[in-house]
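# What the coordinates show
Next come the chains, spelled out residue by residue.
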Amino acid sequence: MKTKKMGGEADRGKKLPCSDPEQKGVIVAHHGVAVEILFESGERQMVKVKRSSGHVVGDDVVVGNGLLTRLPRRTKLCRKDSRGSIRIVGANLDVLGVVVASLPLPSFGYVDQAIVAAREASLVPVLVVNKCDREDSGPFVAELVTSYGKVVDIFPVSAVTGEGLDALEVFLGKGFRSFFVGITGVGKSSLLNAICPALDLRVGELYTAGSRGCNTTTVSTLHSLPGGGELVDTPGFNEFGLVDISAADLAGYFPGFEQAMEGVCRFRDCRHRTEPGCRVAELVLSGDIPKERYTTYLEILDQLEAGEARFKTRR
Ligand SMILES: Nc1nc2c(ncn2[C@@H]2O[C@H](COP(=O)(O)OP(=O)(O)OP(=O)(O)O)[C@@H](O)[C@H]2O)c(=O)[nH]1
Ligand SMILES: [Mg+2]
């Protein structure tokens, strides 16, 4: 594959003396200082970019005349990392596949925050429960079905035995661009290999309870699937900090609160804590919103409010 240097300023839009014809393509891998572009012609090319270019996998670009120009994004998915930095993780996506397994277990609130972030970014969230061949996976799947069964599609699968992969492939094949997220070691790359064996992506060593959880995948990559659709494999990350969601908006996106949003609370700025006439509180009392869902909501609400208070103090 050719690697082309676009020049120091190229990806910021300054024109450089060069007369290549323009070609449209999509970024299929991001290596920090270079991006791999798949052009509409089928040709692939590595193009050097600044580390701070802001380009991500899934970005549509036009390359030509020494310029790399990013086209407007249809959707973008963001998260805050453990240091509070905002990261755009992918662009022009349709589906967010939150991959979980009974080992390693996701951190508290991970699935909820991923679903909230997907909804805010106008993506369809689904839960992919991998490692269903494990003995402890039955109760784990049952728990997830109780919590999220009415809220999102759930795909129990095993990359090892192939169980459940047909249904997942049919779903992914509907022409979507899907994006797998999940903590390291849940088997995102293994699933892609199982769906698309020709890829032969690197997978981690056997995960045991004492494993340190180092990232095996270090670069996000976009792949076309044999049955249709596209899928992005990503390095695992343990935190899914919310971006662009205010404490006031949280309930509107929160998994399990859909029914509550159909009615109205007495106060328009109700945070659903202890306010009188609160629709969420009514549904928790009647058992329509499970208590654990509500507890998780309150904890994430606390975190968002604390973040907003810190931001105000700094200003
Ligand atoms: N039992 C079982 N193990 C699996 C399954 N899928 C993956 N694994 C194992 O889980 C470990 C981690 O798999 P990876 O595919 O590298 O996980 P990953 O989510 O891509 O990890 P990162 O790239 O670090 O984010 C490997 O040892 C796999 O063999 C599965 O369906 N069942
Ligand atoms: Mg991986």
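See the structure shown above.
Note that the structure is predicted; figures quoted are calculated from it, not measured.

### A look at the site of ligand 1
Taken together, 25 residues lie near ligand 1, and Asp 133, Thr 184, Ser 190, Gly 204 and Thr 217 sit nearest. At 2.5 Å, a side-chain N or O of Ser 190 approaches an oxygen atom of ligand 1.

### What to know about the pattern of salt bridges
Applying the stated criterion across every chain yields a total of 12 salt bridges. As a salt-bridge pair, Arg 74 and Asp 94 come within 2.8 Å of each other at their nearest N and O atoms. Taken together, the residues span a long stretch of sequence, with Arg 74 in the loop between β6 (67-70) and β7 (76-80) and Asp 94 in the loop between β8 (86-91) and β9 (95-100) at a distance of 20 residues. Under the relative-accessibility criterion, Arg 74 is labelled exposed at 52%. Linked by salt bridges that have partners in common, Arg 271, Arg 273, Asp 302 and Glu 305 make up one network.

### With respect to unusual backbone geometry
Of note, the bond from Leu 103 into Pro 104 is cis; its omega dihedral lies within 30 degrees of zero at -5 degrees. Structurally, the position occupied by Pro 104 is in the loop between β9 and α1 (110-120). Phi is positive for Lys 131, close to 65 degrees, though the residue is something other than glycine. Take Lys 131: it is sitting in the loop between β10 (124-129) and α2 (137-148). Overall, Lys 131 belongs to the buried group, its relative accessible area being 16%.

### Focus: the coordination of the magnesium ion (ligand 2)
Coordination angles at a metal have ideal targets, namely 109.5 degrees for four tetrahedral donors and 90 or 180 degrees for six octahedral donors. Each protein donor to the magnesium ion (ligand 2) is listed here as Ser 189 (OG) and Thr 217 (OG1); together their distances run 2.0 to 2.1 Å. Of the two residues, Ser 189 is situated in helix α4 (residues 188-195) and Thr 217 in the loop between α4 and β13 (221-224); the sequence distance between them amounts to 28 residues. Here Ser 189 matches Thr 217 in class, with each residue buried.

### Thoughts on helix α8 (residues 291-314)
Spanning 24 residues, α8 covers 35 Å between terminal C-alpha atoms, matching the ideal 34 Å at 1.5 Å per step. Listed as buried for α8 are Arg 293, Tyr 294, Thr 296, Tyr 297, Ile 300, Leu 301 and Leu 304. In this fold, the buried residues of α8 make contact with α1, α2, α5 (250-253) and α7 (279-285).

### Details of the pairing of strand β12 (residues 177-181)
Burial of β12 is extensive: five of the five residues sit out of reach of the surface. Judged by which residues are buried, β12 turns out to be covered on both faces: Arg 177, Phe 179 and Val 181 on one side and Ser 178 and Phe 180 on the other are all buried. Of the pairings in the sheet, the one linking β9 to β12 comprises four bridges and is parallel in character. For Val 98, the partnering residue across the bridge sits in β12 and is Val 181. Taken together, the three bridges between β12 and strand β14 (residues 230-233) define a ladder with parallel strand orientation. Of the residues in β14, the one forming a bridge with Ser 178 is Leu 231.

Conventions we followed
Residues numbered from 1 in each chain as written. Chains lettered and ligands numbered in written order. Predicted model: local features only at pLDDT ≥ 70, side-chain atom pairs only at ≥ 80, totals over all residues. Heavy atoms only, no water. Near = heavy atom within 4 Å. Polar contact = N/O pair within 3.5 Å; in protein donor to acceptor, adjacent residues only side chain to side chain. Salt bridge = Lys/Arg side-chain N within 4 Å of Asp/Glu carboxyl O. Helix = DSSP H or I, 4+ residues; strand = E, 2+ residues; numbered from the N terminus. Buried < 20%, exposed > 50% of the residue type's maximum accessible area, 1.4 Å probe, protein only. Donors = N, O, S within 2.8 Å, 3.2 Å for Na, K, Ca; no water. Expected span 1.5 Å × (residues − 1). Contact = heavy atoms within 4.5 Å. Pairing = 2+ DSSP bridges.

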